Amino acid sequence: MPTSTSHFDYIIAGSGTSGGVAAWYLQQAGARCLLLEAGKYYKPREDFPLPEADYTAQLMWGGGIEYNTRCDLAFIRGRCVGGGSVVNAALMDRFDDVAFDDWKAASGVPFFSESAMEPHYDFAETQIALEEIPDHHRNNNAQLFIKGMENCGHVWKPLRRCQSDCPTDAGQDCIACLGGCHRNSKQSTLATYIPKAEALGLEVRDYAEVTQLEYGKDAVTVHTPRGVFTADKVILAGGAFGSTQVLLRSGFRAKLPALGRNFSMHPQAMNLAVFDEPVDSHKGVLQGAKSLDPGFRKRGFKLENVFAPPIAIAVLFGRVGLPLQDFMRKYRNLACIEVAVRDENTGVIDVDKNGRLHIEKKMTDQDRRRMRDGLGAVKAMLESVGAKQVIQCKMAFGLHLMGGCVMGTDRKTSVVNPNFEVHDHPRLCIADSSIFPNAPGINPALTIMALSHRMATTQAAQ
Ligand SMILES: Cc1cc2nc3c(=O)[nH]c(=O)nc-3n(C[C@H](O)[C@H](O)[C@H](O)COP(=O)(O)OP(=O)(O)OC[C@H]3O[C@@H](n4cnc5c(N)ncnc54)[C@H](O)[C@@H]3O)c2cc1C
């Protein structure tokens, strides 16, 4: 093994939901680790940008939004230390056996089941504070959602969020923490795993996008704008786009025919309802309730109450001039429900000759049917609670980006084996959202943490 100050036992490329967990677990197990992150290292109580335009531009890839090649689907992903866990809504769900059975069928991986993953979920949950949103913290938007669900005979459940001592009773509006949680209440990896690992000696470099890897017999060499580093092993944790992009840029396509394939995104559409009285959906807890309806699960969509800050609402609902002004005057009177579709994994992640992402993804007939079914359910719910007008967002967007380096037993159809190692490249591991064999139809972050824990325990045991 080479020895130098820039040689590590593990380099973890990407510091989000997966990378933060892996870095902490391996560091506390005694390994010397380096965590590389393309974005900036913000200090939660000091320098998260506050205005929506600033945090969107500074904490997200593509200055806020990226698109597929046809520009009819949008993607949002975090770019900062903590990654998606800093900018997400912090909703934590375990997968059900519907999701795991589909994964097992597609991949042949035996541990894809609720029971085999249970110890990893249990572990991931002990490292973050979790709270089911109580009745008295539900804002008007959540109350309308629940009333609409009940009027239409659907099953719902309170959402569970990872947050610690969030001062909701003192008027905290958690829409603001989509740009990072200033109170350090949201249990991002920036607030939990990463500082604990740093206390144990983890080195973190920000603005250190991994541009390329060289896989050697004794070590892996990692190129970044902050220098060249080597490690015995590299954990790719850049998410579906980031990890796939690094392997593509590093010439792995020829060795791994499935690289970049099986991309899915849970296309989401926001539905606004205009009421006569203010709803103030931006106040208090942003999201409080979700559908847990077996009929919806079967039909391939889920619903949650949600809202967005003003610029996002203006962009997503695409008006200009006086119609925009008129529309935005109604901001306080809007309720909102989001439909998320369990889409088919037909997308392809690729790079152009300059290494820039090139995402081929369109909604299939089945995806469109699922979206239509979801929109129909939402319209009925909102009208049942007295909405004057229901406005559907025409642009579907993806917050849950999955696949590109999927796990499986067959090297022709997958990239990573059940030990989380890239086929035939045991010095390269991946446990982030890129390994998802297909779309689960459930919020993914907790499962990414659990998979990362499984990968790290497997590594530490070697
Ligand atoms: C607005 C929003 C709301 C969401 N809400 C929820 C929710 O409530 N519940 C839920 O379960 N999920 C939610 N998600 C999705 C969830 O956050 C992601 O699925 C999850 O964070 C993905 O984890 P990951 O480790 O695969 O990647 P990420 O968390 O995205 O981390 C990848 C990190 O790697 C960095 N990176 C990428 N490429 C490189 C490179 N080449 N070199 C170095 N660093 C690199 C990125 O900048 C990023 O920091 C939401 C996402 C968004 C955007």
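Since the structure is predicted, the reported quantities are computational estimates derived from the model, not experimental observations.

## Here we look at the domain arrangement of the protein
Examined at the domain level, the protein breaks down into domain 1 (1-42 + 93-127 + 189-260 + 401-462) and domain 2 (69-75 + 136-180 + 264-400). Each of domain 1 and domain 2 has a C-alpha centre, and the two are 29 Å apart. Taken together, the 28 residues of domain 1 in the interface contact 24 residues of domain 2. Summing both partners gives a buried area of about 2100 Å² for domain 1 against domain 2, and 51% of it is carried by carbon and sulfur. Looking only at domain 1, the three residues that lose the most surface to domain 2 are F241, L401 and M402, adding up to 27% of its buried area. At the junction of domain 1 with domain 2, the criterion picks out five salt bridges. In this structure, the salt-bridge partner of E125 is R160, at a minimum N-O distance of 3.0 Å. Of all the secondary-structure elements, those providing two or more residues to the side of domain 1 that touches domain 2 are α4 (97-107) and α8 (239-249).

## Describing a negative patch on the surface
There is a patch of like negative charges on the surface, built from D97, D101, E114 and E118. Listed by contribution, the elements that provide at least two residues to the negative patch are α4 and α5 (114-126). With respect to the secondary-structure elements, D101 resides in helix α4. Classification of D101 by relative accessible area gives partly exposed; the value is 42%.

## Remarks on the side chain of D293
Mapped onto the elements, D293 comes out in the loop between β13 (289-291) and α9 (294-299). The buried charged residue D293 lacks any salt bridge, with R299 as its nearest oppositely charged partner at 6.5 Å. A distance of 3.0 Å separates the side chain of D293 from the backbone nitrogen of G295, its partner in a polar contact.

## Here we look at helix α12 (residues 365-384)
The end-to-end C-alpha distance of α12 is 29 Å, a good match for the 28 Å that 20 residues give at a rise of 1.5 Å each. All of the buried residues along α12 are D367, R370, M371, G374, L375, A377, V378, M381 and L382. With its buried residues spanning 160° around the axis, α12 presents them on a single face. Away from its buried face, by an angle of more than 90 degrees, α12 presents the exposed residues D365 and R372.

## Regarding the side chain of K361
Within the secondary structure, K361 sits in the loop between β17 (357-360) and α12. Given a relative accessible area of 2%, K361 falls into the buried group. One polar contact links the side chain of K361 to the main-chain carbonyl oxygen of E344, over a distance of 3.0 Å. Once you skip the residues sitting within four places of it in the chain, K361 turns out to touch N68, R70, D72, L73, F263, S264, M265, D343, E344, T346, G347 and D367.

## What about the site of the ligand?
Neighbouring residues of the ligand: 36 residues in total, closest T17, E37, V210, S433 and A445. Residue G78 places a main-chain N or O atom 3.5 Å away from an oxygen atom belonging to the ligand. Contact between the ligand and C80: an oxygen atom at 3.2 Å from a main-chain N or O atom of the residue. The fraction of the free accessible surface of the ligand (1000 Å²) that becomes covered by protein chains is 95%. Among the secondary structure elements, those contributing two or more residues to the shell around the ligand are α1 (17-28), α3 (84-87), α8 and α13 (445-460). Considering each element in turn, the shell around the ligand owes the most residues, three residues, to α8. Residue composition of the shell around the ligand, by class: 17 nonpolar, 15 polar and four charged.

Here is what the cut-offs are and how they apply
Residues numbered from 1 in each chain as written. Predicted model: local features only at pLDDT ≥ 70, side-chain atom pairs only at ≥ 80, totals over all residues. Heavy atoms only, no water. Domains from an automatic or database assignment. Contact = heavy atoms within 4.5 Å. Buried area = accessible area lost by both parts, 1.4 Å probe. Salt bridge = Lys/Arg side-chain N within 4 Å of Asp/Glu carboxyl O. Helix = DSSP H or I, 4+ residues; strand = E, 2+ residues; numbered from the N terminus. Patch = residues over 30% accessible without salt bridge, like charges linked within 9 Å, V, L, I, M, F, W, Y side chains within 5 Å. Areas by Shrake-Rupley, 256 points an atom, 1.4 Å probe, with all protein chains shown as cover. Lys, Arg positive; Asp, Glu negative; His and termini not counted. Charge placed at Lys NZ, Arg CZ, Asp CG, Glu CD. Buried < 20%, exposed > 50% of the residue type's maximum accessible area, 1.4 Å probe, protein only. Polar contact = N/O pair within 3.5 Å; in protein donor to acceptor, adjacent residues only side chain to side chain. Expected span 1.5 Å × (residues − 1). Arc of directions from axis to C-beta. Near = heavy atom within 4 Å. Nonpolar A, V, L, I, M, F, W, Y, C, P; charged D, E, K, R; others polar.

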